[in-house]
Amino acid sequence: MTKKVKHVLGLSGGKDSSALALYVKETRPELDVEYFFTDTGYELPETNAFIDQLEEKLGYIHRLNDRSLNNMEGRGERTFSNLLKEHGNYLPSQRDRWCTVQMKLKPFEKWVDGFIAEGYVIKNYVGIRADEPNRSGFMTIEKPIKSIFPFREDGIVKSDIENILQRNGLELPEYYQWRSRSGCTFCFYQQKIEWLKLMEKHPDLFEEAKTFEKGEGNTTVGEKFYWMGQGQPLETLEDPSVQQRITENHEKRVARFKKKKRRNALLTDTEGFCEFGDLDEIYDEAEGGGACVTCYK
Ligand code: SF4
């Protein structure tokens, strides 16, 4: 007997998953795809606005962690404060990424469980491109879910992504003007320059991130752990001399990166350069900086 198949595609608010959804719709119109966005409740306003724009192009997008379950804060029962308490007030970090499990993977798991109970096999479409190495940051769950990689199958690379968005009448999400990826406002994968930009663009969200650093018992090996690492609370970024140092260091890196690009491509300009879209390369990080594709793709 042929098994029933449910095709699902997760949108993070990042450019690759968005382009993937549009691309699959164009190239595999026979598929009935269900789109979902796992809204942690701590997304940037720019990300939510972009998801709304995408919905106009794609059709209905399931919001997992639906805001219709709102409490006073508009974030459902599983607020970050509650989760933080459950985790002994230890902030998540690159070494212990409990946030992705709790805020992204579990709601997804709960959603697909309904389909699995109805006898569906799940095919999950993922936006890893043909020019990316095998990713260690790809977190999976123990379920009958098959991952499908259309960009890899079809040889789609980074330079194709913007074209796919543009031919569908979409620009890059607005946050790319000052931040390299979607994900939580307080994501610890941010560079310091991005924290500075968060403080400038969304001072209220920066303040909120600061409050999470103050949880009782938030320590590692005797020293307090903060979003930017040990001994570096966010409030250090409020010092103008620190801001100047970070900005100058960033500008130097950007200049070095542009020079390298020009040299390698033998170009007189830096066509295709996007300061925050290219941030990982500017900071010599692997794409995504180690973040899970679930959060930023
Ligand atoms: S975006 Fe960052 S903080 Fe949010 S769940 Fe993902 S890794 Fe955690």
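Quick note: structure is the one above.
Every value quoted in this text rests on a predicted model; they were computed, and no experiment measured them.

With that settled, consider the side chain of Arg 28. If you trace the backbone, Arg 28 turns up in the loop between helix 1 (15-27) and strand 2 (33-38). For Arg 28, the side chain forms a polar contact with the side chain of Glu 153, separated by 3.3 Å. Within the structure, Arg 28 has its side chain in polar contact with the side chain of Asp 154 (distance 3.2 Å). Dropping the residues within four chain positions of it, Arg 28 is found in contact with Tyr 23, Pro 150, Glu 153 and Asp 154.

On to the packing of aromatic side chains. Inspection of the entire model under this criterion finds 17 aromatic pairs. Where Phe 188 meets Trp 227, the ring centres are 6.4 Å apart and the plane angle is 10°; that geometry is what we call stacked. Of this pair, Phe 188 sits in the loop between helix 6 (158-167) and helix 7 (192-201) while Trp 227 is found in the loop between strand 7 (223-226) and strand 8 (229-230), placing the two residues 39 residues apart along the sequence. What makes Phe 188 buried here is its relative accessible area of 9%.

To continue, consider the pattern of salt bridges. Enumeration over the complete set of coordinates arrives at 15 salt bridges. Its salt-bridge partner being Glu 132, residue Arg 129 comes within 3.7 Å of it at the nearest N-O pair. Overall, the relative accessible area of 8% leaves Glu 132 in the buried class. With its nearest N and O atoms 3.5 Å apart, the salt bridge here joins Glu 281 to Lys 158. On the criterion of sequence distance, the pair formed by Glu 281 in helix 10 (residues 279-282) and Lys 158 in helix 6 is long-range, its members being 123 residues apart. Through salt bridges with shared partners, one network takes in Asp 16, Arg 129, Asp 131 and Glu 132.

Phe 80, Phe 186, Trp 195, Phe 212, Trp 227, Leu 234 and Leu 237 are the most contacted members of the largest nonpolar core, which totals 39 residues. Of all elements in the fold, only helix 3 (80-86), helix 4 (98-117), helix 7, helix 8 (203-212), helix 9 (240-265) and helix 10 reach the threshold of two or more residues within this core. The leading source of residues in this core is helix 7, at five residues. Residues in contact with Trp 195, not counting those within four places in the same chain, are Thr 185, Phe 186, Cys 187, Gln 190, Phe 206, Ala 209, Trp 227, Met 228, Leu 234 and Leu 237.

Here we take up the site of the ligand. Neighbouring the ligand are Cys 99, Thr 100, Gly 183, Cys 184, Phe 186, Cys 187, Phe 188, Tyr 189 and Cys 295. When its residues are assigned to classes, the shell around the ligand shows seven nonpolar, two polar and no charged.

Spanning 14 residues, helix 2 (residues 45-58) covers 20 Å between terminal C-alpha atoms, matching the ideal 20 Å at 1.5 Å per step. Within the sequence span of helix 2, burial applies to Glu 46, Thr 47, Phe 50, Ile 51, Leu 54 and Leu 58. All buried residues of helix 2 project into a common sector of 135° when viewed along the axis, lining one side. Against the buried residues of helix 2 lie strand 1 (4-11), helix 1, strand 2 and strand 3 (61-64). At the exit of helix 2 stands Gly 59, carrying a positive phi of roughly 100°.

The next point concerns the sheet that holds strand 4 (residues 120-125). The sheet built from five strands is open, its strands ordered 3-2-1-4-5 with parallel pairing. The open sheet has two edge strands with one neighbour each: strand 3 and strand 5 (145-148). For this sheet the average axis-to-axis angle between neighbouring strands, irrespective of direction, equals 35°. Across five bridges, strand 1 lies against strand 2 in parallel orientation. Across the sheet, residue Leu 9 finds its bridge partner in strand 2, namely Tyr 35.

It is the contact of helix 1 with helix 6, at a shortest axis distance of 9 Å, that shows an interaxial angle of 60°. Relative to helix 6, the element helix 1 lies oblique. When you trace helix 1 past helix 6, the crossing you get is left-handed. Contacts from Lys 15, Asp 16, Ser 18, Ala 19, Leu 22, Tyr 23 and Glu 26 of helix 1 reach helix 6 at Ile 161, Ile 164, Leu 165 and Arg 167.

Criteria and thresholds
- Residues numbered from 1 in each chain as written.
- Predicted model: local features only at pLDDT ≥ 70, side-chain atom pairs only at ≥ 80, totals over all residues.
- Heavy atoms only, no water.
- Helix = DSSP H or I, 4+ residues; strand = E, 2+ residues; numbered from the N terminus.
- Polar contact = N/O pair within 3.5 Å; in protein donor to acceptor, adjacent residues only side chain to side chain.
- Contact = heavy atoms within 4.5 Å.
- Phe/Tyr/Trp six-rings, centres within 6.5 Å; stacked < 30°, edge-to-face > 60°.
- Buried < 20%, exposed > 50% of the residue type's maximum accessible area, 1.4 Å probe, protein only.
- Salt bridge = Lys/Arg side-chain N within 4 Å of Asp/Glu carboxyl O.
- Core = buried A, V, L, I, M, F, W, Y, C linked by side-chain atoms within 4.5 Å.
- Near = heavy atom within 4 Å.
- Nonpolar A, V, L, I, M, F, W, Y, C, P; charged D, E, K, R; others polar.
- Expected span 1.5 Å × (residues − 1).
- Arc of directions from axis to C-beta.
- Pairing = 2+ DSSP bridges.
- Axes fitted to C-alpha atoms, helices over the stretch in contact; angles between N-to-C directions.
- Parallel < 35°, antiparallel > 145°, perpendicular 65-115°, else oblique.
- Left-handed = near helix turned anticlockwise from the far one by under 90°.

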